[in-house]
Amino acid sequence: MIPTDIKLHKASKTLTLTYASGEEFTLPAEFLRVHSPSAEVQGHGKPILQFGKLNVGLSKLEQAGNYALKLTFDDGHDSGLFTWEYLYELGKRQKELWDDYLAELRAAGKTRDPNESFVKLML
């Protein structure tokens, strides 16, 4: 599904995608960053947990051919091409994917905040 409208909201750090079907998804930059399709994040089949991305924003977006968007994040990450199909899937599954991500963070003892870390005490 190709969006009919794409809006980058730098102040709220979100990307809004609107579709001909009437569906609209507002995806936070942090969500997009931790679900980047890049090899850095996807790890060639074994995803690498991203953490400390709470404050990340989107600085730029560019169309890549007729099939994807190239998103540039303000932490310097810009290597993932978000295909139209992948963006639609992220929108449809946003709650499920976000809940899974938060559970993975907890299990790994990591946090969304780059200025915070957990210490597990063994008493």
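Presented here is a report on the structure given in the accompanying data block.

Conventions used here
- Residues numbered from 1 in each chain as written.
- Predicted model: local features only at pLDDT ≥ 70, side-chain atom pairs only at ≥ 80, totals over all residues.
- Heavy atoms only, no water.
- Core = buried A, V, L, I, M, F, W, Y, C linked by side-chain atoms within 4.5 Å.
- Buried < 20%, exposed > 50% of the residue type's maximum accessible area, 1.4 Å probe, protein only.
- Helix = DSSP H or I, 4+ residues; strand = E, 2+ residues; numbered from the N terminus.
- Contact = heavy atoms within 4.5 Å.
- Pairing = 2+ DSSP bridges.
- Axes fitted to C-alpha atoms, helices over the stretch in contact; angles between N-to-C directions.

Digging into the nonpolar core
Formed by 24 residues in total, the largest nonpolar core has its most connected members in Leu32, Leu71, Phe82, Leu87 and Leu90. Listed by contribution, the elements that provide at least two residues to this core are β2 (14-18), β3 (24-28), α1 (29-34), β5 (68-73), α3 (84-92) and α4 (94-108). Broken down by element, the residue count for this core peaks at five residues, all from α3. Those residues within four positions of Leu71 in sequence are excluded, and the remaining contacts are Leu15, Leu32, Leu58, Lys60, Leu61, His77, Asp78, Gly80 and Phe82.

Points about the sheet that holds strand β1 (residues 5-9)
Strand order in the open sheet formed by three strands is β1-β2-β3, with antiparallel pairing between adjacent strands. In this open sheet, the two edge strands, each paired with only one partner strand, are β1 and β3. For this sheet, the mean inter-axis angle between neighbouring strands, taken without regard to orientation, is 15°. One ladder, built from five bridges, connects β2 with β3; its direction is antiparallel. When the bridges of β3 are listed, Leu17 appears paired with Phe25. Strands in contact with α3 are β1, β2 and β3; relative to β3, the strand with the most contacts, it is inclined by about 90°.

Observations regarding the sheet that holds strand β6 (residues 81-83)
Spatially, β4-β5-β6 is the arrangement adopted by the three strands of the open sheet, whose pairing is antiparallel. Edge positions in the open sheet fall to β4 (58-64) and β6, since each of these has one partner strand only. The mean angle between the axes of side-by-side strands here comes to 30°, regardless of whether they run parallel or antiparallel. Alignment of β4 against β5, held across six bridges, turns out to be antiparallel. By the bridge assignment, Gln63 is partnered in β5 with Leu69.

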